Amino acid sequence: MSKLGFLVRLEAKPEGAEAVGQLLRDAVELARAEDGTVSWYSFQESPTVFGVFDTFDDEEGREAHLNGRIADALREIAPTLLAATPEIKRTTILAIK
């Protein structure tokens, strides 16, 4: 069972929402290439609010993801497309079905 995770909330500027959504749709391929990332989900809460939830078996996988290509892409677009700094929460998985 995966034990660790990240819950990330991203708020896009209205004019950047489509680009943020597309980045998250495309990022699944980057997540698939990460050995330490067990599961990776991107979602949309509202027209400008997006999120990511991902899981890892260990801290090494979680840290590798935090310093990986998806995080780099988000850091690159943040100044122009995001309305606020992303909220990144470390989680511990209690149960999985």
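Small disclaimer: the values here were computed from a predicted structure and weren't measured.

Calculation criteria
- Think of each chain on its own: its residues are numbered from 1, step by step along the sequence as written.
- With pLDDT at 70 or above as the cut-off, local features in this predicted model cover only qualifying residues; side-chain atom pairs require 80 or more to be listed or tallied, and sums for whole chains, interfaces and linings still use all residues.
- Water and hydrogen atoms were dropped before computing side-chain values, which therefore reflect all heavy atoms in the structure.
- Elements are defined by DSSP. Helices are runs of H or I of four residues or more, strands are runs of E of two residues or more, and each kind is numbered from the N terminus.
- Taken over C-alpha atoms, the radius of gyration is set against a globule rule of 2.2 Å times the number of residues to the power 0.38.
- Where accessible areas are quoted, they stem from the Shrake-Rupley method and a 1.4 Å probe; at the residue level, only the protein chains shown are allowed to cover.
- Counted as positive: Lys and Arg. Counted as negative: Asp and Glu, with His and the chain ends omitted from the count.
- Each charge is placed at NZ for Lys, CZ for Arg, CG for Asp and CD for Glu.
- One side-chain nitrogen of Lys or Arg within 4 Å of one carboxyl oxygen of Asp or Glu is enough to make a salt bridge.
- Exposure categories follow from relative accessible area, calculated using a 1.4 Å probe and restricted to protein chains: below 20% of the type maximum is buried, above 50% is exposed, and the middle band is partly exposed.
- Geometry of aromatic contacts follows a simple scheme: Phe, Tyr and Trp rings, the Trp one being its six-membered ring, pair when their centres are within 6.5 Å, and the pair is stacked under 30 degrees between planes, edge-to-face over 60, tilted otherwise.
- Two limits define a charge over a ring: the Lys NZ or Arg CZ must be within 6 Å of the ring centre, and within 35 degrees of the ring normal.
- Between N-to-C directions, angles cover 0 to 180 degrees, with each direction set by a line fitted to C-alpha atoms, over the stretch in contact for helices.
- Roughly parallel covers angles under 35 degrees, roughly antiparallel covers those over 145, roughly perpendicular covers 65 to 115, and oblique covers all other angles.
- By definition, residues are in contact when any of their heavy atoms lie within 4.5 Å.
- Residues are grouped as follows: Ala, Val, Leu, Ile, Met, Phe, Trp, Tyr, Cys and Pro are nonpolar; Asp, Glu, Lys and Arg are charged; every other residue, Gly included, is polar.

**Q** Please provide a residue-by-residue account of the overall build of the protein, values included.
**A** The secondary structure content of the protein amounts to three helices and four strands. Walking the protein from its N terminus toward its C terminus, one meets helices and strands in the order β-α-β-β-α-α-β. The C-alpha atoms of the protein give a radius of gyration of 13 Å, which matches the 13 Å a tight globule of 97 residues would have. Of the roughly 5900 Å² of accessible surface on the protein, a fraction of 55% belongs to carbon and sulfur atoms. One finds the centroid of the 11 positive side-chain charges in the protein at a distance of 4 Å from the centroid of its 17 negative side-chain charges.

**Q** Please provide a residue-by-residue account of the pattern of salt bridges, values included.
**A** Overall, the coordinates contain seven salt bridges when judged by the stated rule. Between Arg-90 and Glu-59 there is a salt bridge; the shortest N-O distance is 3.0 Å. Taken together, the residues span a long stretch of sequence, with Arg-90 in strand β4 (residues 87-92) and Glu-59 in helix α2 (residues 59-66) at a distance of 31 residues. On the basis of relative accessible area, Glu-59 is assigned to the partly exposed category, the value being 33%. With a shortest N-O distance of 2.8 Å, Arg-75 and Asp-72 are connected by a salt bridge. Of this pair, Arg-75 and Asp-72 both sit in helix α3 (residues 69-81), three residues apart, which is roughly one turn of the helix. With a relative accessible area of 47%, Arg-75 lands in the partly exposed category. Here Asp-72 falls in the partly exposed class, since its relative accessible area comes to 40%. Through salt bridges with shared partners, one network takes in Glu-59, Arg-62, Glu-63 and Arg-90.

**Q** Which residues make up the packing of aromatic side chains, and what values do they have?
**A** Summed over the entire model, instances satisfying the criterion amount to one aromatic pair. Centre to centre, the rings of Phe-6 and Phe-56 are 5.7 Å apart; their planes meet at 75 degrees, and the pair counts as edge-to-face. Residue Phe-6 is found in strand β1 (residues 4-11), and its partner Phe-56 is found in strand β3 (residues 49-56); the two are separated by 50 residues along the sequence. Pair check on accessibility: Phe-6 and Phe-56 agree, each one buried. Over the ring of Phe-6 we find Arg-62, and its NZ or CZ is 5.5 Å from the ring centre.

**Q** Before we move on, could you go through the packing of helix α1 (residues 17-32) against α3 and cite the residues and values that matter?
**A** Contact pair α1 / α3: the axes reach a minimum separation of 10 Å and the direction vectors enclose 170 degrees. By the angle between their directions, the pair α1 and α3 is classed as roughly antiparallel. Facing Ala-19, Val-20, Leu-23, Ala-27, Leu-30 and Ala-31 of α1, the residues of α3 in contact are Arg-69, Ile-70, Ala-73, Leu-74, Ile-77 and Leu-81. The class makeup of the residues in the contact of α1 with α3 is eleven nonpolar, no polar and one charged.

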